[in-house]
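Letter by letter, the chains look like this.
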Amino acid sequence: MFADLGHFTPFSIRIAFAGFVYPCLILSYMGQAAFLSKNYASVERTFYDSIPDRVFWPVFVVATLAAIVGSQAVISATFSIVKQCHALGCFPRIKIVHTSRHISGRIYIPEINWILLVLCLAVTVGFRDTTLIGNAYGIAAITVMFVTTCLMSLVIIIVWRKNFLWAIGFLLFFGWIEGSYLSASVMKVPQGGWAPLALSAIFMVVMYVWHYGTRRKYMFDLQNKVSMKWILTLGPSLGIVRVPGIGLIYTELVTGVPAIFSHFVTNLPAFHQVLVFVCIKSVPVPFVPAEERYLIGRIGPKVYHMYRCIVRYGYKDIPKDDNDFENRLILSIAEFIQMEAEESQSTSYENSLDGRMAVISTPVRSSMRMVIADEDDNAAGSIPSSKSPTLQSLQSMYEMDAPQLGRQRRVRFELFNSPTVAPTVREELLELIKAKEAGVAYILGHSYIKARKSSSFLKKFAIDVGYSFLRKNCRGPAVALNIPHISLIEVGMIYYV
């Protein structure tokens, strides 16, 4: 844990623990045992009674400071464990605040901090007896040691790939010692030891239900992806009216078309001329350089005007300007279109309807540029806006209610008359610019999972009650927090798993 926090290296911690901490701990326990063997009446205050009077207060101060450090270590360890569970999809969405730009392990989780506060107060007020609290602590400590030994035996086989006899020997030797202490602590369960067991059971149920529901939802998306054959049979119009504009469809899948897209096509009377499937990914680095942020790919033939974009953010990256995101995304797609056209001329280029992605850095070959302009500025080479008067009126009213929107910089895109640009590429870039001038819509799909009618009662309770309650009361997806409401389209769909 301290290595994750960046305070020390793992090697230095191993040396300090094996050469100093562990010997001191053994000597302290042996000294208390020797003192207790001759002073049976001091069983309740063995530690402090065994201290000589001359050094009592210095040791008392050091013990108090050690308790403070230990409590802080417990809090930091809880943050670290919850973060790892969240990364594995075993804990509901929470807010993780990274307090360091260089060390990813230094984090703060407000919700967990408040939960720890409430639990500490509840245990203290509820028990009102240090003996009962000590019993609860003892049960928790020895259970953690026993579980760690069992998991360590799995690490020896799976991670270290040692002979299973080593794992069995390790488990028998340490498990026998810790199992003896654990069996001796069972009698303390009615006297306060039930508290950590009850809390562990509650958190285990919450984690299992969340992981089960999330896994079932993801597997449904993965197994019911829209096939490219179905999209090709619809034709370039997708069987509906393609209106001017860009639709940004947010999805968790990095490959394929999500199942909710078929729900869009079959229920919406019209769709945007240019479609971009956007997947937001968080990577374990503080910042992602702008030239490495966007991965762009194409879905289907060129006439479909469908693209895929994977946007990568570091844990200290804070997207603030939605317009800047839109503009950078358009420039990245334009760069991809020209790069694809150049590579298609080489014999090594393989045309793929879906799956080929490219990291788009700062545009260097782009024939399209972005310039700051006023609303009435119609310079040569720019594309006039294709927004309807009704949409322009609604946007003006919205900007009057939100003055900060009106102060945002306005940009337009210009296309150079370069002889090196192929006519087909120029036509596709013009379509992209016209779509951007018509407006950008953020399409967010809300998929809800429900258990089938033929499911067991336990599964129905886990999905329809437990997972539904956790999903409604945890934080929403981070991507939804930075979408302008005037451009947001939310569509719901029910998955039966």
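Residues numbered from 1 in each chain as written. Predicted model: local features only at pLDDT ≥ 70, side-chain atom pairs only at ≥ 80, totals over all residues. Heavy atoms only, no water.

Let us now look at a nonpolar patch on the surface. Among the surface-exposed residues, Val147, Leu151, Leu154, Ile157, Ile158, Val159, Trp160, Phe164, Leu165, Ile168 and Leu172 lie close enough to one another that they form a single nonpolar patch of about 1,100 Å² accessible area. Of all the elements in the fold, those that place two or more residues in the nonpolar patch are helix H6 (130-158) and helix H7 (164-185). The biggest single contributor to the nonpolar patch is H6, with five residues. (Patch = residues over 30% accessible without salt bridge, like charges linked within 9 Å, V, L, I, M, F, W, Y side chains within 5 Å. Areas by Shrake-Rupley, 256 points an atom, 1.4 Å probe, with all protein chains shown as cover. Salt bridge = Lys/Arg side-chain N within 4 Å of Asp/Glu carboxyl O. Helix = DSSP H or I, 4+ residues; strand = E, 2+ residues; numbered from the N terminus.)

What follows covers the pattern of salt bridges. In the structure shown here, the tally under the stated rule is five salt bridges. Notably, a salt bridge pairs Arg298 with Glu428, separated by 2.9 Å at the nearest N-O pair. Of this pair, Arg298 sits in strand S5 (residues 294-298) while Glu428 is found in helix H14 (residues 423-438), placing the two residues 130 residues apart along the sequence. A salt bridge links Lys436 to Glu326; the shortest N-O distance between them is 4.0 Å. Of this pair, Lys436 sits in helix H14 while Glu326 is found in helix H11 (residues 322-344), placing the two residues 110 residues apart along the sequence. The pair formed by Lys436 and Glu326 is uniform in burial state, with each residue classed as buried. Salt bridges linked by common partners bring Arg298, Glu340 and Glu428 together as one network. (Buried < 20%, exposed > 50% of the residue type's maximum accessible area, 1.4 Å probe, protein only.)

Quick look at the packing of aromatic side chains now. Going through the model one piece at a time under the given rule, you end up with 19 aromatic pairs. With centroids separated by 6.3 Å and ring planes inclined at 20 degrees, the aromatic side chains of Phe56 and Phe60 adopt a geometry described as stacked. Taken as a pair, Phe56 and Phe60 lie in helix H4 (residues 56-87) at a separation of four residues, close to a single helical turn. An aromatic cluster is built from Phe47, Tyr48, Phe56, Trp57 and Phe60, whose rings are joined through pairwise contacts. (Phe/Tyr/Trp six-rings, centres within 6.5 Å; stacked < 30°, edge-to-face > 60°.)

Looking at where Thr149 falls in the secondary structure, it is placed in helix H6. Judged by its relative accessible area of 5%, Thr149 is buried. Among residues more than four places away in sequence, those in contact with Thr149 are Phe170, Leu171, Phe174, Gly175 and Glu178. (Contact = heavy atoms within 4.5 Å.)

Strand order across the open sheet formed by seven strands is S7-S5-S6-S4-S3-S10-S11, with mixed pairing between neighbours. Strands with a single pairing partner mark the edges of an open sheet, and in this sheet they are strand S7 (357-360) and strand S11 (488-496). Strand-to-strand twist in this sheet, taken as the mean axis angle between neighbours without regard to direction, amounts to 30 degrees. Of the strand pairs in this sheet, S5 and strand S6 (residues 306-314) are connected by five bridges, and their pairing is antiparallel. Of the residues in S6, the one forming a bridge with Leu295 is Ile310. Across the sheet, helix H8 (residues 189-223) touches strand S10 (440-450) and S11, and the angle it forms with S11 is around 100 degrees. (Pairing = 2+ DSSP bridges. Axes fitted to C-alpha atoms, helices over the stretch in contact; angles between N-to-C directions.)

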